[in-house]
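Here is how the chains run, residue by residue.
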Amino acid sequence: MSRGYDEITSFLGEWGPFQRAIFFLLSSSIIPNGFNGLSVVFLADTPSHWCHIPTNANISDQWRNVSIPLEEVNGELQYSKCRRYSLGVIRNLSAMNYLPGVDVNVTEIKQERCLDGWEYSQETYISTIVTQWDLVCSDDWKIPLTSSVFYLGVLCGSFISGQLSDRYGRKVVLFGTMAVQTCFSVIQVFAPNWGAFCVLFFIVGMGQISNYVAAFVLGTEILGKSARVLYSTLGVCLFFAIGYMLLPLFAFCIRDWRMLQLALSVPGFLYIPLWWFIPESPRWLLSQGRVEEAEEILQEAARKNGIAAPTRIFEPGELQVSDWASKRKQSHSILDLLRTKNICTMTIMFFAVW
């Protein structure tokens, strides 16, 4: 009589040293995902700005002080962010020693775009990608697009991460996508222009969600029933939230976008040693017919928990290992999410929730 996987591995217990280590190590690997999830809020924030008036414009201080028009915004007068009075006209009036507001009604002077760029307030930020590449006025549409590009990468990564982990294993994909997320985040620091930044941000988005999904699946497949529920509901969500909470602290201490991006990326390298502490999923190994490797992992888990494991954990015929090995050859597609009434209902619910 065949037994289920949970029944066979019940000798490990639910919350021994092995399970606790897996729980906290995998949960901690989620923290950098919290960084990237909202980093664009600080990287692409728009500080106060106004048209730049060149120092060699040859105009008097009186004319320089009134060269930016005032606009009413929410009942308050503010300097225009995208317009200035025609510098050529102001230069001529200044050369003729006319005084603004005395000899000339300044509001009647024609206006022009910020032809010499912008000046940005450094009260909050030293720099952001907005100040770096002047993503204001006619180019302000690039700011929300930057965030959209990241989440487009998240969308694409969510489609391929499951396929990759089914093919190459949960552990390989977890650390591979963690490396993608970390390395391309570092490369973003050296982005020469907005386009390159967005391309890299797209790849970071793919790595971010793939890392998250691989860690989620690996934890739920290794841990037992009760720990699995705790991990999938509290563990990953709590440590993701820790990343969210640490992000404003980093942004408060580091006001330059390149240094902030680097500071958010470097912690990813701290997870390299986890490769030697987090095992592959025994369930996935069984699905590939690699029974001996699955047994070695469970034997090591029993040793860490101080439990005597059976000499042979998976008896021939149990778990229908041969059936699992044959099923892995079957092809699947995204349409399988709609194939049965139960899975279709769950799919629709998840779409609605997310």
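Given the structure is predicted, the values throughout are model-derived calculations rather than measurements.

What counts, and where the lines are drawn
- Residues numbered from 1 in each chain as written.
- Predicted model: local features only at pLDDT ≥ 70, side-chain atom pairs only at ≥ 80, totals over all residues.
- Heavy atoms only, no water.
- Helix = DSSP H or I, 4+ residues; strand = E, 2+ residues; numbered from the N terminus.
- Disulfide = S-S within 2.5 Å.
- Buried < 20%, exposed > 50% of the residue type's maximum accessible area, 1.4 Å probe, protein only.
- Axes fitted to C-alpha atoms, helices over the stretch in contact; angles between N-to-C directions.
- Parallel < 35°, antiparallel > 145°, perpendicular 65-115°, else oblique.
- Left-handed = near helix turned anticlockwise from the far one by under 90°.
- Contact = heavy atoms within 4.5 Å.
- Nonpolar A, V, L, I, M, F, W, Y, C, P; charged D, E, K, R; others polar.
- 1 Å grid on protein atoms, 1.4 Å probe; cavity = no way out; pocket = protein on both sides within 12 Å on 5 of 7 lines; lining within 4 Å.
- Points joined across faces, edges and corners; volume = space filled by probe spheres on them.
- Lys, Arg positive; Asp, Glu negative; His and termini not counted.
- Salt bridge = Lys/Arg side-chain N within 4 Å of Asp/Glu carboxyl O.

**Section: unusual backbone geometry**
Argument step 1. Here N58, not a glycine, exhibits a phi torsion of approximately 60°, which is positive.
Argument step 2. Here the phi dihedral of N97 falls at roughly 65°; this positive angle occurs in a residue that is not glycine.
Argument step 3. Within the secondary structure, N97 is located in the loop between α6 (87-95) and β5 (111-113).

**Digging into the state of the cysteines**
Argument step 1. Throughout the structure, instances matching the rule amount to 2 disulfides.
Argument step 2. Between the sulfur atoms of C82 and its disulfide partner C137 the distance amounts to 2.0 Å. Handedness here is read from the sign of the S-S torsion; for C82 and C137, about -100°, the answer is left-handed. In this pair, C82 sits in the loop between β3 (76-79) and β4 (83-85) while C137 sits in the loop between α7 (129-133) and α8 (142-168), placing the two residues 55 residues apart along the sequence.
Argument step 3. Assessed through its relative accessible area of 30%, C82 is described here as partly exposed.
Argument step 4. Judged by its relative accessible area of 17%, C137 falls in the buried class.
Argument step 5. What connects to what in the protein, once the bonded cysteines are numbered by sequence position, is 1-3, 2-4.
Argument step 6. C156 supplies the cysteine sulfur nearest to C198, a cysteine that is in no disulfide, at a spacing of 14 Å.
Argument step 7. For C198, a relative accessible area of 7% translates into the label buried.

**Focus: the packing of helix α2 (residues 17-28) against helix α11 (residues 225-253)**
Argument step 1. Look at α2 against α11: their axes get within 9 Å of each other, and the N-to-C directions meet at 30°. Judged by the inter-axis angle, α2 sits roughly parallel to α11. The hand of the α2/α11 crossing is right-handed. On α11, the residues that touch F23, F24, L26, S27 and S28 of α2 are A227, L230, Y231, G235, V236 and F239.
Argument step 2. The residue makeup of the contact of α2 with α11, split by class, is 8 nonpolar, 3 polar and no charged.

**Focus: empty space enclosed by the protein**
Argument step 1. Summed over all chains, the structure comprises 1 cavity of 30 Å³ or more.
Argument step 2. In this structure, the largest cavity spans a volume of roughly 40 Å³.
Argument step 3. For the largest cavity, the full set of lining residues is P32, N36, Q181, T182, S185, L264, S265 and G268.
Argument step 4. Every element with two or more residues in the lining of the largest cavity is listed here: α3 (31-38), α9 (170-188) and α12 (257-265).
Argument step 5. In terms of residue count, α9 provides more of the lining of the largest cavity than any other element does, 3 residues in total.
Argument step 6. Considered class by class, the residues forming the lining of the largest cavity number 2 nonpolar, 6 polar and no charged.

**Points about the side chain of K142**
Argument step 1. With respect to the element layout, K142 can be found in helix α8.
Argument step 2. Of the side chains with opposite charge, D139 comes closest to the buried, unpaired K142, at an N-O distance of 4.1 Å.
Argument step 3. When sequence neighbours within four positions are dropped, the list of residues in contact with K142 reads L135 and W194.

**Looking at the environment of I129**
Argument step 1. Inspection of the secondary structure assignment puts I129 in helix α7.
Argument step 2. We classify I129 as buried; its relative accessible area is 0%.
Argument step 3. I129 sits 14 residues away from I143 along the chain, and the two C-alpha atoms are 8.9 Å apart.
Argument step 4. If sequence neighbours within four positions are ignored, I129 has contacts with L43, A44, D134, L135, T146, F197 and W257.

**Section: the packing of helix α10 (residues 194-222) against α11**
A pair of packed helices can be characterised by two numbers: the angle between their axes and the separation between those axes.
Argument step 1. Where α10 meets α11, the closest approach of the two axes is 9 Å, and the angle between their N-to-C directions is 150°. As judged from the angle between their axes, α10 and α11 are roughly antiparallel. Our pair here, α10 against α11, has a crossing hand that is right-handed. Residues Q208, Y212, A215, F216, G219 and T220 of α10 lie in contact with α11, whose contacting residues are R228, Y231, S232, V236 and F240.
Argument step 2. Taken together, the residues of the contact of α10 with α11 break down into 6 nonpolar, 4 polar and 1 charged.

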